[in-house]
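Structure at a glance
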Amino acid sequence: MTLRIDSPSKSDALRFLREAKAPIVFTGMLESWDREKNWIPQRLADVFAKRPIRFRIIPKTASKSNSVLWETQCRHIEATIEEFLAWNSNEKRSKKPKTDTGLWTFNPTDYTAYADYKYMKDTFSTYPNLMASVDWTKFGLDEKSSRRESVFWMGGEGAHTPCHYDTYGFNLVAQLSGRKRWTLFSPEQSRYLYPTRVPYEESSVFSRVNVGCPDLGRFSMFSHAHPVEIVLEPGEVLFVPKHWWHYVECLDLSVSVNVWTPMDSDDADRLTESITRTVIFAIQSRINNQKDSSWMCPSESFSDFDANLSLLSRAYAHLTNIDDFQVSSETLLEALLHPEVVQLVARKLSAGK
């Protein structure tokens, strides 16, 4: 059963965030957000007016398919929030707008849409009143940095993100309007989730299992997984511990804001992320067109081997406090071709999974 905590003090809330090993639902922590005034969808449509944002178009059948629908397989459309709300509610237009955003080329009976991963510092920089209402200080977080690093999400019923875990930090999610269903798995269950790094997105490790409709013929070990399921209601805040897997689906028109908070252990993860980036882009540049989007999520951009090796060196130096150490091509090859590593790769290839 998920722990639920109502209106803890700042010191108690911060203690829970530092010590908890399982998800927690907090209540009574969003009064200062004035969410019923600032964060209802129509209010956001009024504030954004004619400014478009990017929506990911998702077939409503995707969550019931045996295969994961990756972001790289989705169409993306620019639309205003007002246009999205009209389309989402399937309101018929009296006349075609002068500039067709393309939303209405998709039947809202068959599709939903998601404005996801919108960093507040980019999307809300010209809306200071909305930015000011984002307040994580009751959790003991720094006011300015946590606000700038917060991320906005708005999606229609059925909009979802594939199952994954975040490499860095812990996650706080404020549910401001509508509901979301979170299906979570502890890090100890990773082998049941069939991890993959393709498509590549820094700090996201995806599962090859569509949690909404798992293919147990292909992914039989998933049957051993024991999820924690939480329906997050408006006004609640979910704490997601570091490296917990999660599959998230909007149960109705939903608005939420989250923030990932750094932890000391992130230094080690930056090193593994740097290695991953260096290897995947090195392979991609040799056998695949760099413009092929199937390898990496839209949020990523290609960087060459030298740039990635430099990033890897900085991550290593930060972790070890050896400022003058440079990871060379030879050093990286030695590590990757160590017999234990090669044997592990061979076992993975032989297993075919």
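All values reported here derive from a predicted model rather than from experimental measurement. (Residues numbered from 1 in each chain as written. Predicted model: local features only at pLDDT ≥ 70, side-chain atom pairs only at ≥ 80, totals over all residues. Heavy atoms only, no water.)

1. So, the overall build of the chain
- The secondary structure content of the chain amounts to eleven helices and 15 strands.
- For 353 residues, the compact-globule estimate of 2.2 N^0.38 gives 20 Å, and the C-alpha radius of gyration of the chain, at 21 Å, lies within 12% of that figure.
- Along the three orthogonal principal directions, the C-alpha set of the chain runs to about 65 × 50 × 40 Å.
- When burial is assessed residue by residue, the chain has 48% of its 353 residues classed as buried.
- Within the chain, contacts between residues at least 6 apart in sequence are counted, and of these 80% link residues at least 24 apart.
- For the chain, the exposed area adds up to about 17900 Å²; of that, 52% sits on carbon and sulfur atoms. (Helix = DSSP H or I, 4+ residues; strand = E, 2+ residues; numbered from the N terminus. Rg over C-alpha atoms; globule rule 2.2 N^0.38 Å. Buried < 20%, exposed > 50% of the residue type's maximum accessible area, 1.4 Å probe, protein only. Contact = heavy atoms within 4.5 Å. Areas by Shrake-Rupley, 256 points an atom, 1.4 Å probe, with all protein chains shown as cover.)

2. Concerning the state of the cysteines
- Scanning all chains against the criterion turns up zero disulfides.
- Of the cysteine sulfurs around C213, a residue in no disulfide, the closest is that of C163, at 14 Å.
- Of all cysteine sulfurs in the structure, the one in C74 sits closest to C250, which takes part in no disulfide; the separation is 13 Å. (Disulfide = S-S within 2.5 Å.)

3. Focus: the nonpolar core
- In terms of nonpolar packing, the biggest core is built from 46 residues, with W39, F124, W136, F139 and L172 touching the most fellow members.
- Residues contacting L172, with those up to four places away along its chain left out, are L17, W136, F139, L141, V237, L238, F239, V257, N258 and V259.
- Counting residues in each nonpolar core, the second largest holds 14 residues, with C163, V205, V209 and A225 among its members. (Core = buried A, V, L, I, M, F, W, Y, C linked by side-chain atoms within 4.5 Å.)

4. Some thoughts on the environment of E149
- Looking at where E149 falls in the secondary structure, it is placed in the loop between α7 (143-148) and β6 (151-155).
- Along the primary structure E149 and K121 are separated by 28 residues, whereas in three dimensions their C-alpha atoms are 6.8 Å apart.
- Excluding residues within four positions of it along the chain, E149 makes contact with Y119, K121, N258 and V259.
- There is a polar contact of 3.2 Å between the side chain of E149 and the side chain of K121. (Polar contact = N/O pair within 3.5 Å; in protein donor to acceptor, adjacent residues only side chain to side chain.)

5. Re the environment of F26
- Structurally, the position occupied by F26 is in strand β2 (residues 24-27).
- Ignoring sequence-local partners within four residues, the contact set of F26 consists of I5, P8, F16, L17, F139, G235, E236, V237 and F239.

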